[in-house]
Structure formats: structure tokens, C-alpha cells
Amino acid sequence: MEKVLAGIGSGKAFDRVNHEYLWLLLGRYGLQGRFIDWLKTLYKGAESFPLVNGWGRPFEVGSGVRQGCPLSPLLYAFAIDPFVRRLEGASLCGVPLGIAGVPPLKFVAYADDVSVIISGTEEAWGGGLCDRAVDGGFWL
């Protein structure tokens, strides 16, 4: 049976995390309001000042997690978790690993890189997950 390893592109994913979404999500995961308020304080009024040929002006940063902040990878993990959980529950066949009690491998997620293993033509094309003619992927 033909398999597809499809990479899900999320370019600049760390820069695109919506703050309001993140605060709501952290609350739904049970983090205390006071901790979320501290995070909001850290992110409120954050500015970036790009210089191009000596010119530039500041702008407010309204999305993304801070580069270099030790909390940023964890905050991004919270942000992508609902998507990863949807993949876990998806009716994908995956690839059997041949280890007793271990379910088939359906996807791999590391930081902002997610790869999904799709088995058979129905999952790949009939399910609308990818189009072999236009989507990049590693066809196995």
C-alpha cells in the first residue's frame, strides 16, 4: 500500500501565535488566572524596532512568542496542542511499528515541524488531505 509522508508547513509558526487564543487556551488547560496575567504583562506593549539602512520606527507586536524567552517553547507547545490532539484522534492508518501494544505511527511533531503519515489513496486524496499534483510530500 502506498504511503505518504506529508510535511505540514507552518512557516514562522512561533511568530504567528495569537495572544488572545493563547490566553484562552491556557485558561482552558487549567493554568491559574494570576499566571496568565503575568504572561499578559510580559507581552503587553511589546515593540519591535527593525532598522533598514538606518531607517525604521517601532511597531507593537500583537502576536507570536518572544524569541529567546525560556517560556516560548512551552507556550508554543500549548498553542499547537489542540491540533496535535486532533491528529491523534484522526482516522489515519499510519505505519505499524511492529511492537506489541504500540499503536501505528500517524504523525511526528517536533517544535513547529509536523509530518503526517497517510496510508492509501482514500486517506490521501479522497479525504482531501493532500493533492499529489500540487502538494509537497515524500511519497513512499
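Residues numbered from 1 in each chain as written. Predicted model: local features only at pLDDT ≥ 70, side-chain atom pairs only at ≥ 80, totals over all residues. Heavy atoms only, no water.

1. Points about the nonpolar core
Reasoning step 1: In this structure, Val17, Leu22, Trp23, Leu26, Leu75 and Val116 are the most contacted members of the largest nonpolar core, which totals 23 residues.
Reasoning step 2: Put simply, the parts of the chain that give this core at least two residues each are strand S1 (3-8), helix H1 (19-28), helix H2 (33-43), helix H3 (72-89) and strand S5 (113-119).
Reasoning step 3: The dominant element in this core, judged by the number of residues it contributes, is H3, at 7 residues.
Reasoning step 4: The residues contacting Trp23, other than those within four sequence positions of it, are Ile36, Leu39, Lys40 and Tyr43. (Core = buried A, V, L, I, M, F, W, Y, C linked by side-chain atoms within 4.5 Å. Buried < 20%, exposed > 50% of the residue type's maximum accessible area, 1.4 Å probe, protein only. Helix = DSSP H or I, 4+ residues; strand = E, 2+ residues; numbered from the N terminus. Contact = heavy atoms within 4.5 Å.)

2. So, a nonpolar patch on the surface
Reasoning step 1: Side chains of Leu97, Ile99, Val102, Leu105 and Val108 sit close together on the surface and give an oily, nonpolar patch of about 390 Å² of accessible area.
Reasoning step 2: Take Leu105: it is sitting in the loop between H3 and strand S4 (107-110). (Patch = residues over 30% accessible without salt bridge, like charges linked within 9 Å, V, L, I, M, F, W, Y side chains within 5 Å. Areas by Shrake-Rupley, 256 points an atom, 1.4 Å probe, with all protein chains shown as cover. Salt bridge = Lys/Arg side-chain N within 4 Å of Asp/Glu carboxyl O.)

3. Some details on the packing of aromatic side chains
Note on aromatic pairs: each is described by the distance of the centres and the angle between the planes.
Reasoning step 1: Summed over the entire model, instances satisfying the criterion amount to 3 aromatic pairs.
Reasoning step 2: Note on Phe14 and Tyr76: the rings are 4.3 Å apart at their centroids and 25° apart in plane angle, and the pair reads as stacked. In this pair, Phe14 sits in the loop between S1 and H1 while Tyr76 sits in helix H3, placing the two residues 62 residues apart along the sequence.
Reasoning step 3: Exposure remark for Phe14: the relative accessible area of 26% places this residue in the partly exposed category.
Reasoning step 4: Taking relative accessible area as the criterion, Tyr76 reaches 7% and is therefore assigned buried. (Phe/Tyr/Trp six-rings, centres within 6.5 Å; stacked < 30°, edge-to-face > 60°.)

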